[in-house]
Amino acid sequence: MYISCWLLRITCICHHTAVLIHSGDKGVRPLSLAGHVGFDSLPDQLVNKSICQGFCFNILCIGETGIGKSTLMDTLFNTNFENFESSHFEPQVKLRAQTYDLQESNVRLRLTVVNTVGFGDQMNKQESYQPVVDYIDRQFESYLQEELKIKRSLHNYHDSRVHACLYFISPSGHSLKSLDLVTMKKLDSKVNIIPVIAKADTISKSELHKFKIKIMSELVSNGVQIYQFPLDDETVAKVNTTMNGHLPFAVVGSTEEVSVGNKMVKARQYPWGVVQVENENHCDFVKLREMLICVNMEDLREQTHTRHYELYRRCKLEEMGFKDTDPECKPVSLQQTYEAKRQEFLVELQKREDEMRQMFVQRVKEKEAELKEAERELQSRFEHLKRIHADEKATLEEKKRLLDEDQSSFSKRRAAAQLLQAQSLTANGKKDKDRKK
Ligand SMILES: Nc1nc2c(ncn2[C@@H]2O[C@H](COP(=O)(O)OP(=O)(O)O)[C@@H](O)[C@H]2O)c(=O)[nH]1
Ligand SMILES: [Mg+2]
């Protein structure tokens with residue numbers, strides 16, 4: 001029922017656009033037609049095509065563990081999504097995305113619900129927003145990469161860019177926490193933020209009124225830009241103006257059916273009474289559902305593409321060195337920028353090559369000098385050793401000569417001694433013989 005309303009709105013927008021183009025272009029002559037041509041069926045063609053293709057919508061829920069994110073999603077889409085109860089002891093914030101195919105009448109919706117797991121549970125919450133920022137940027141980056149491909153397939157690309165961010169505010173009745181302000185401030189240029197006061201059944205009517213005013217004034221004084229329901233389409237301008245005045249929506253979630261009067265309604269039952277989720281006197285749940293799904297889903301998708309993604313794309317392309325104008329503000333095409341960048345790169349490459357070549361020559365020279373010095377040193381050490389060796393050789397030869405001399409004189413003396421001994425032996429023998437005789 002809600003999604004069908006939204007298609008009706010696309011049809012209205014298409015009719016308006018046709019009239020605007022016709023009357024707005026200068027130098028274009030208006031002509032009246034003599035009879036029926038048939039291009040008035042264009043909006044219907046567009047609607048038929050969209051229905052065939054199906055739609056895609058991605059919601060990011062940011063809020064502390066147990067604040068009621070999963071319950072609200074189940075209540076909003078009247079179903080039971082896969083819910084994982086998370087503990088309060090996650091070391092860091094993680095994002096869990098789950099995609100579902102839903103159908104209402106003949107309209108198919110591919111819905112992705114992204115949940116922050118462990119948000120606000122760490123002692124140090126300084127970097128809690130970073131995983132969320134990174135997740136949103138990653139989805140933009142994949143879309144940009146698909147767009148930049150030679151062979152793009154954007155028609156069947158699963159667009160995972162976040163279209164709406166429901167920021168769950170704790171129903172404290174006091175003020176926003178610094179974590180809320182810092183996170184929303186970091187995200188407001190990347191995503192459509194819709195703040196909601198969670199578990200609004202826990203806060204009294206007068207406190208809620210004051211709390212809403214306080215939240216809005218804190219957002220304004222901290223320069224946080226939240227999503228404003230658009231006023232440019234006159235068919236919804238009135239309802240959107242009223243709804244902008246009700247922000248942030250105070251919501252209650254429940255999938256439990258309770259009997260009230262003769263009907264079963266979604267409600268939360270307490271000992272003192274029943275809070276009906278869809279009763280506008282009890283909470284703003286219906287307002288949120290109307291605004292998010294029935295009236296402004298297409299605008300949220302459009303804003304994501306034309307504002308947030310465009311900003312990401314522009315920054316990324318500028319980072320890569322692409323610009324629409326040159327320093328003299330003359331328009332430059334992508335081709336020219338590419339050529340200029342290529343030229344710049346080639347010059348830089350040549351410069352680097354020359355520098356490297358010079359450095360290489362210098363290093364070779366230095367190494368050569370080092371080697372020559374080492375050679376000289378080796379040579380002188382060799383000469384020194386050679387000298388020492390020659391001296392030692394001379395000394396040894398001298399010692400050998402002396403030894404030889406000693407040896408020959410010893411041999412001579414021994415020969416003389418042996419001769420003497422032989423003579424004395426002969427003489428003694430003669431004496432003995434003479435005595436015997
Ligand atoms: N009082 C109150 N309790 C709620 C509301 N929504 C959810 N809860 C309860 O809060 C608890 C945590 O809800 P859940 O949706 O799992 O929180 P999540 O961790 O943020 O996904 C559950 O016991 C819910 O029944 C609400 O609007 N009001
Ligand atoms: Mg949950």
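Owing to the predicted nature of the structure, the values given are computational and were not obtained by experimental measurement.

Draft legend 1. Expanded view of the overall build of the protein. When its secondary structure is counted, the protein shows 10 helices and nine strands. For 437 residues, the compact-globule estimate of 2.2 N^0.38 gives 22 Å, and the protein exceeds it by more than 25% at 48 Å. Considered along the principal axes of its C-alpha atoms, the protein spans approximately 180 × 70 × 45 Å. Residues classed as buried in the protein amount to 35% of the 437 residues present. For the protein, the proportion of contacts with a sequence separation of at least 24, taken over those separated by at least 6, is 69%. As presented, the protein carries roughly 28,900 Å² of accessible surface, and 55% of it is formed by carbon and sulfur atoms. Charged side chains of the protein number 63 positive and 63 negative; the gap between the two group centres comes to 11 Å.

Draft legend 2. How the structure looks around the site of ligand 1. Neighbouring ligand 1 are 15 residues; Gly66, Lys69, Ser70, Thr71 and Asp201 lie closest to it. At 2.7 Å, a side-chain N or O of Ser70 approaches an oxygen atom of ligand 1. The separation between a nitrogen atom of ligand 1 and a polar side-chain atom of Tyr270 is 3.2 Å. Here ligand 1, which alone exposes 570 Å², has 72% of that area covered by the protein. Of all the secondary structure elements, the ones that give two or more residues to the shell around ligand 1 are α3 (69-77) and β8 (263-270).

Draft legend 3. Representation of the confidence of the model for the protein. Mean pLDDT over the protein stands at 90; residues scoring 70 or higher make up 94%. In this model, residues 1-21 is a region of pLDDT below 50 whose contacts with residues beyond four sequence positions or in other chains number 39 contacts.

Draft legend 4. Representation of the UniProt feature "coiled-coil region" (unreviewed entry) in the protein in the model. Per the UniProt annotation, the sites labelled "coiled-coil region" (unreviewed entry) are residues 357-384. In the segment residues 357-384, helix accounts for 100% and strand for 0%; the C-alpha atoms at its two ends are 40 Å apart.

Draft legend 5. Highlighting the sheet that holds strand β3 (residues 107-117). As summarised here, the arrangement of the six strands in space is β2-β3-β1-β4-β5-β6, forming an open sheet in which the pairing is mixed. Of all strands in the sheet, those with a lone pairing partner are β2 (94-104) and β6 (249-250), marking the two edges. Where helix α5 (residues 178-187) meets the sheet, its contacts fall on β1 (55-62), β4 (164-169) and β5 (193-197), and the angle it forms with β4 comes to roughly 170°. The strands that helix α9 (residues 297-319) touches are β1, β3, β4 and β5; relative to β1, the one it contacts most, it runs at about 80°.

Draft legend 6. Region of interest: the nonpolar core. Residues Leu76, Leu166, Leu288 and Leu292 are the most contacted members of the largest nonpolar core, which totals 79 residues. Sort the elements by how many residues they give to this core and helix α8 (residues 285-295) lands first, with eight residues.

Draft legend 7. A look at helix α6 (residues 205-221). Here α6 is 17 residues long and its end C-alpha atoms lie 25 Å apart, about the 24 Å a rise of 1.5 Å per residue gives. If you check which residues of α6 are buried, you get Leu208, Phe211, Lys212, Ile215, Glu218 and Leu219. Down the axis of α6, the buried set is contained in an arc of 135°. They therefore lie on one face. With respect to the buried face of α6, the exposed residues turned more than 90 degrees away are His209, Lys210, Ile213, Val220 and Ser221. Summarising the contacts, the buried residues of α6 are in contact with β4, α5, β5 and β6. Of the residues one or two after α6, Gly223 is the one with positive phi, at around 65°.

Draft legend 8. Representation of the pairing of β4. In terms of burial, β4 is a largely internal element, six of the six residues being buried. By the alternation rule, side chains of β4 split into Ala164, Leu166 and Phe168 and Cys165, Tyr167 and Ile169, which are all buried. Two strands pair when backbone bridges link them, and β1 and β4 are joined in this way by four bridges, in the parallel orientation. Its bridge partner being in β4, Ile62 is matched across the sheet by Tyr167. Sheet topology note: the β4/β5 ladder contains five bridges and is parallel. Bridge assignment links Phe168 to a residue of β5, and that residue is Val196. Handedness of the β-α-β unit built from β4, α5 and β5 comes out right-handed.

Cut-off values and rules
- Residues numbered from 1 in each chain as written.
- Chains lettered and ligands numbered in written order.
- Predicted model: local features only at pLDDT ≥ 70, side-chain atom pairs only at ≥ 80, totals over all residues.
- Heavy atoms only, no water.
- Helix = DSSP H or I, 4+ residues; strand = E, 2+ residues; numbered from the N terminus.
- Rg over C-alpha atoms; globule rule 2.2 N^0.38 Å.
- Buried < 20%, exposed > 50% of the residue type's maximum accessible area, 1.4 Å probe, protein only.
- Contact = heavy atoms within 4.5 Å.
- Areas by Shrake-Rupley, 256 points an atom, 1.4 Å probe, with all protein chains shown as cover.
- Lys, Arg positive; Asp, Glu negative; His and termini not counted.
- Charge placed at Lys NZ, Arg CZ, Asp CG, Glu CD.
- Near = heavy atom within 4 Å.
- Polar contact = N/O pair within 3.5 Å; in protein donor to acceptor, adjacent residues only side chain to side chain.
- pLDDT = per-residue confidence, 0-100.
- UniProt positions renumbered as here; feature names shortened; annotations may be inferred.
- Pairing = 2+ DSSP bridges.
- Axes fitted to C-alpha atoms, helices over the stretch in contact; angles between N-to-C directions.
- Core = buried A, V, L, I, M, F, W, Y, C linked by side-chain atoms within 4.5 Å.
- Expected span 1.5 Å × (residues − 1).
- Arc of directions from axis to C-beta.
- Right-handed = clockwise from strand over helix to strand, strands pointing away.

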